[in-house]
Structure formats: C-alpha cells, structure tokens
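If you want the building blocks of each chain, they are given just below.
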Amino acid sequence: MVDWKDPPTLFIPGPVKVLPEVLEQLSRPTLGHRGKEYSQLHGETVSMLKKILSTEQSVFLSTSSASGVWEGSIRNCVKMDETVLCTMCGAFSDKFASVARACGRTAEELKVEWGQAITADMIDKKLASGNYAALTIVYNETSTGLTNPVYEISEMVKAKYPDVLVFVDAVSGMVGLPLHFDELGWDVVFASVQKAFAIPPGLAVFAVSDRAMEKSKTVPDRGYYFDFQQFAKSAEKNQTPTTPVIPHIMALHYQCTRLLEEGMENVWARHKKMAEYVKTWAKENFALFAPEEYASNTLTAVKNTRGINVGKVISAIQEKHNTVFGNGYGKLKEETFRIAHMGDISLDDLKELLGWIDDEIK
Ligand SMILES: Cc1ncc(COP(=O)(O)O)c(C=O)c1O
C-alpha cells in the first residue's frame, strides 16, 4: 500500500517538493469556472504571469501537462506542407520532433550527442537553406542537465530569419532561468507547473506571440483541445475554453504572488546559487555531464565517473531519509544521476541531501 502520510521528499527534476502552504491552496473551496470569482482569479494570475515572462502578448493556462502544448504549438502554427526544424540534444528535445511527426508535419533534425548544446551557429547553417517555417528548441534539457544558449540563438534568428517561428519548451527552465518572451522574439513558450513553479502536476502555462496567433487563424485542422483561437476567445472573459483545474490555478496565483514579491532577478539568482553549490559538489566528487558553460541552474546531471550503483544509492537514501533524487534519464540511467535545485527546494535542503549521498558513497 502507498504510504500517503509520509511520502518521500522529492529532489527528482519534477515533480519537485511542494510547500504545505501551496498544498493548502489546492484544498480551498472550488469556484464555478464561468463565474466572476474565477474570472478574477484567472485574470490576476495571467497578469502576474505576463510580468514573470516579460510579455505583453497572450498568456494562457492549459489543463494538461506541457506535452499538450508541444502538440498545440505544432498544430496551430505549422501548416501540413511546411517543414519544422527540430533541434535535438536529449530525450525531451528528441520528443518534440516525434510530436511534430505525430501531427503529420515534416520535421527535419538538427541533432547533437546527448549532453552537448545546440548553438546559434548550427541553427544558422540549417536555416540558411530557407526551407523552414518554424524551429523547436528545448531551453533546459532535463534529461542531460543542459541549458541551451537560447539568448544567443534568439538574437541570431531575429536578425537573420525573422519569418521563422520559434517554439521553446521551457518546461524545466521557466521561473528558474531568465526568460524575456517579447525581447527574445519567441512565438510559443510553455512549461508545466510541477517544475520551478513548485506546484503538483496537472497544469501548463504557455505564451503565444501575436504573429503566431495570426498565423494560427490560417492553419486548418488545429484540433480541439489546444486550439489557440479558442483559448484567445475565452481569454477575453478571463476564462479557459474547457473546465480548468481550478485548485492548481489557485496554487499558481499564490506562487506567482510570491515570485513577484521576491523579484524575478532574485529568483534567478537564488537558483544560480543553489546550482553553484551542487555543481561544486559534483565536480569534487564526480563530474558534470554537460559542459560546464551549459550546465543547468535548475538541475544538475552528475556524470557517474566512479561507477557507483545509482539505483542502490537512491534506494538507500529513500530508506534511511525518506528522500529521493533522480537517476539518469533513459539511456543515461546508470551513467548519470540528477539532482533538482528548483522551485521551493532550498540550499539547506540540498546540503542535507548531498551529505547523505556523501555518506553512501564514501
Ligand atoms: C524539457 C521537458 N519537456 C517536456 C516535458 C514533458 O512535460 P510534461 O510531462 O509535463 O508533459 C518534460 C518533463 O519532464 C521536460 O523536462
């Protein structure tokens, strides 16, 4: 039987630890989703998200995990006869290409080894052919603990290929890493709330540029659940097209309030500080899996240079301390392990966890 009373503390790269006061938001009395109280909750939440994402364009709430918006970005903004360039550097960026194909679009690959970054130069060389309507990028590749240089990439794309739409998966980047949607010139960005928003899973946040909204009007067969035009229509009333996951939106409202009180610059600095601590530990004891200049500030993928039995260490720490961290993703299962440092995880939490890992590996 699952022990509901004492679940483990999570240092996996999502879902992450959720504070009791955030959980309390999930148990507030519900609202009718077409009533004025909900509209107020929705409107305030979206206004705060616009500040968090530095955008004056559209921000929507989707009752789904982020994968739904992978599909939404493709189905709304890429026509059947257009080609999308999918940058691939790990499990999640690889999946973005699979989603484009599952939606019947032609996806061309720009692929590097897992653990390497996608650079502006690589993209420039591909886009120069003029063959592409859109580009997909994962901001923070959760499988390899790597942050792609999206600011440099975006500068290059804006300057040289202004007609190419840019879709960014910021699932494990949003909130933890700088993100200025309008300045970056992105067309769609999305994240699920179980990462740096530090809310249980079940809700995704996404922003869409005005030009992507315009384009979507011209794309037939956009589907139903993720039709951007329906989101926009409902947004006029501060509502969602279908019944939303209202408890999560209450929790999101609460978390956005806290984030803005702290200030986004401070939030990003806090993530950087936690990351520096974990990266230093990783380098002293093992090695970083990603090249240091690209190593993520929201999670660290540690290269298992000592050949420890990752599964065994995770189990031992769960048994002794009721705490879990992440093994390597997919083919990196034993080659790496991953420690999340995002959301409401604190530096003290991390010090305690790393101490326990030290005890197991010495
Ligand atoms: C970078 C990235 N993209 C997409 C996803 C899929 O998100 P979800 O499971 O919330 O749909 C994940 C999940 O961990 C992720 O890390």
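Neighbouring the ligand are 13 residues; Ser65, Ser67, Thr142, Asp169 and Ser192 lie closest to it. Between the ligand and Ser65 there is a distance of 2.5 Å, counted from an oxygen atom to a side-chain nitrogen or oxygen. Within the side chain of Gln194, one N or O atom sits 3.0 Å away from an oxygen atom of the ligand. Relative to its free-state accessible area of 390 Å², the ligand is covered by the protein chains to the extent of 87%. When its residues are assigned to classes, the shell around the ligand shows five nonpolar, six polar and two charged.

For the rest of this paragraph, the subject is the sheet that holds strand 13 (residues 323-327). Ordered by their spatial adjacency, five strands build an open sheet running 1-13-14-12-11, and the pairing between neighbours is mixed. At either end of the open sheet lies a strand with only one pairing partner, and these are strand 1 (9-11) and strand 11 (287-288). Where strand 13 lies against strand 14 (residues 336-340), two bridges are found, and the strand directions are antiparallel. By the bridge assignment for strand 14, Asn327 is matched with Phe337.

Tallied over the entire structure, the rule returns 13 aromatic pairs. Geometrically, the ring pair formed by Phe92 and Tyr329 is tilted, given 5.0 Å between the ring centres and 55° between the ring planes. One end of the pair, Phe92, is in helix 4 (residues 91-102); the other, Tyr329, is in the loop between strand 13 and strand 14, with 237 residues separating them in the sequence. On the basis of relative accessibility, which here comes to 23%, the residue Tyr329 falls in the partly exposed class. Judged by centre distance (5.6 Å) and plane angle (65°), the ring pair of Phe325 and Phe337 falls under edge-to-face. On the criterion of sequence distance, the pair formed by Phe325 in strand 13 and Phe337 in strand 14 is long-range, its members being twelve residues apart. Judged by relative accessible area, which is 4%, Phe325 ranks as buried. What makes Phe337 buried here is its relative accessible area of 1%. In textbook terms, an aromatic cluster arises when at least three aromatic residues are bridged by ring pairs, as seen for Phe60, Phe206, Phe228 and Phe231. Directly above the aromatic system of Phe286 lies the positively charged group of Arg306, at a separation of 5.2 Å from the ring centroid. Over the aromatic face of Trp114 sits the side chain of Lys331, whose NZ or CZ is 4.2 Å from the ring centroid.

Once that is clear, we can look at the sheet that holds strand 5 (residues 134-138). Here we have seven strands laid out as an open sheet, ordered 2-10-9-8-5-3-4, and mixed in their pairing. This sheet does not close on itself; its edge strands, each paired only once, are strand 2 (58-62) and strand 4 (106-111). Here the average twist between neighbouring strands, direction ignored, is 20°. In terms of strand pairing, strand 3 (residues 83-88) meets strand 4 through six bridges, oriented parallel. Its bridge partner being in strand 4, Leu85 is matched across the sheet by Glu108.

Inspection of the entire model under this criterion finds 17 salt bridges. Of the charged contacts, one joins Arg101 and Glu109 as a salt bridge, the two residues approaching to 3.2 Å between their closest N and O atoms. Classification of Glu109 as partly exposed rests on a relative accessible area of 35%. The partner of Asp121 in a salt bridge is Lys125, and the shortest N-O contact between them spans 3.6 Å. Here Asp121 pairs with Lys125, and both are found in helix 5 (residues 120-127), just four residues apart, close to one helical turn. Linked by salt bridges that have partners in common, Arg101, Glu109 and Lys111 make up one network.

What follows concerns the side chain of Ser296. Take Ser296: it is sitting in the loop between strand 11 and strand 12 (299-303). Once residues lying within four places of it in the same chain are set aside, the contact partners of Ser296 are Asn140, Gly145, Leu146, Thr147, Ala275, Lys279 and His341.

Quick notes on the rules
- Residues numbered from 1 in each chain as written.
- Predicted model: local features only at pLDDT ≥ 70, side-chain atom pairs only at ≥ 80, totals over all residues.
- Heavy atoms only, no water.
- Near = heavy atom within 4 Å.
- Polar contact = N/O pair within 3.5 Å; in protein donor to acceptor, adjacent residues only side chain to side chain.
- Areas by Shrake-Rupley, 256 points an atom, 1.4 Å probe, with all protein chains shown as cover.
- Nonpolar A, V, L, I, M, F, W, Y, C, P; charged D, E, K, R; others polar.
- Pairing = 2+ DSSP bridges.
- Helix = DSSP H or I, 4+ residues; strand = E, 2+ residues; numbered from the N terminus.
- Phe/Tyr/Trp six-rings, centres within 6.5 Å; stacked < 30°, edge-to-face > 60°.
- Buried < 20%, exposed > 50% of the residue type's maximum accessible area, 1.4 Å probe, protein only.
- Lys NZ or Arg CZ within 6 Å of the ring centre and 35° of its normal.
- Axes fitted to C-alpha atoms, helices over the stretch in contact; angles between N-to-C directions.
- Salt bridge = Lys/Arg side-chain N within 4 Å of Asp/Glu carboxyl O.
- Contact = heavy atoms within 4.5 Å.

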